[in-house]
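Summary of structural features
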Amino acid sequence: MHTRNVNVKTAAPESSRKMGEEQNPVSVAREWVAQATSLKAGVTVTLSDVSRYGDVQVEIRTNGTLNWRDWSFEPDFLFELKRDLQYVQL
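Residues numbered from 1 in each chain as written. Predicted model: local features only at pLDDT ≥ 70, side-chain atom pairs only at ≥ 80, totals over all residues. Heavy atoms only, no water.

Let's shift gears to the environment of Arg52. Following the sequence through the fold, Arg52 ends up in the loop between strand E1 (43-50) and strand E2 (56-62). When its relative accessible area of 75% is taken as the criterion, Arg52 is described as exposed. Side chain to side chain, Arg52 and Tyr53 meet in a polar contact 2.9 Å long. (Helix = DSSP H or I, 4+ residues; strand = E, 2+ residues; numbered from the N terminus. Buried < 20%, exposed > 50% of the residue type's maximum accessible area, 1.4 Å probe, protein only. Polar contact = N/O pair within 3.5 Å; in protein donor to acceptor, adjacent residues only side chain to side chain.)

With that settled, the discussion passes to the packing of aromatic side chains. One pass over the full model with this rule turns up 2 aromatic pairs. Taking the centre distance of 5.8 Å and the plane angle of 15° together, the rings of Trp71 and Phe73 count as stacked. (Phe/Tyr/Trp six-rings, centres within 6.5 Å; stacked < 30°, edge-to-face > 60°.)

All right, on to the pairing of strand E3 (residues 65-71) then. Of the pairings in the sheet, the one linking E2 to E3 comprises 6 bridges and is antiparallel in character. By the bridge assignment, Glu59 is partnered in E3 with Arg69. In this antiparallel pair of consecutive strands, E2 and E3, the connection spans 2 residues, and Asn63 shows a positive phi of 50°. (Pairing = 2+ DSSP bridges.)

As C-alpha cells, then:
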C-alpha cells in the first residue's frame, strides 16, 4: 500500500473535473437543444419526455418523421446527440 503525507492546512480542494466527474448529461442536453436554432428546413429537436428520475429523452425529427431518439442515461448519449445535431444544423 502506498501512503502520502499531506499538509491539511495548505492542501487545495480538488475541483470536480480534476476528480474525474463528468458533466451532467441532462443539463448538457438541455443546453445543446436550446442552442440548436439554425436547423435545416423541416427539422425539429425537442426534449420529448422526462422520467421521474430526471432523465430526458431527446428527439430529432424531419417533417414529423423520427430520425433519432435517445434517453440521457443511454451509453454514448452526449456523443451521439452532438453528432446528430451537427447533421441537422445549417
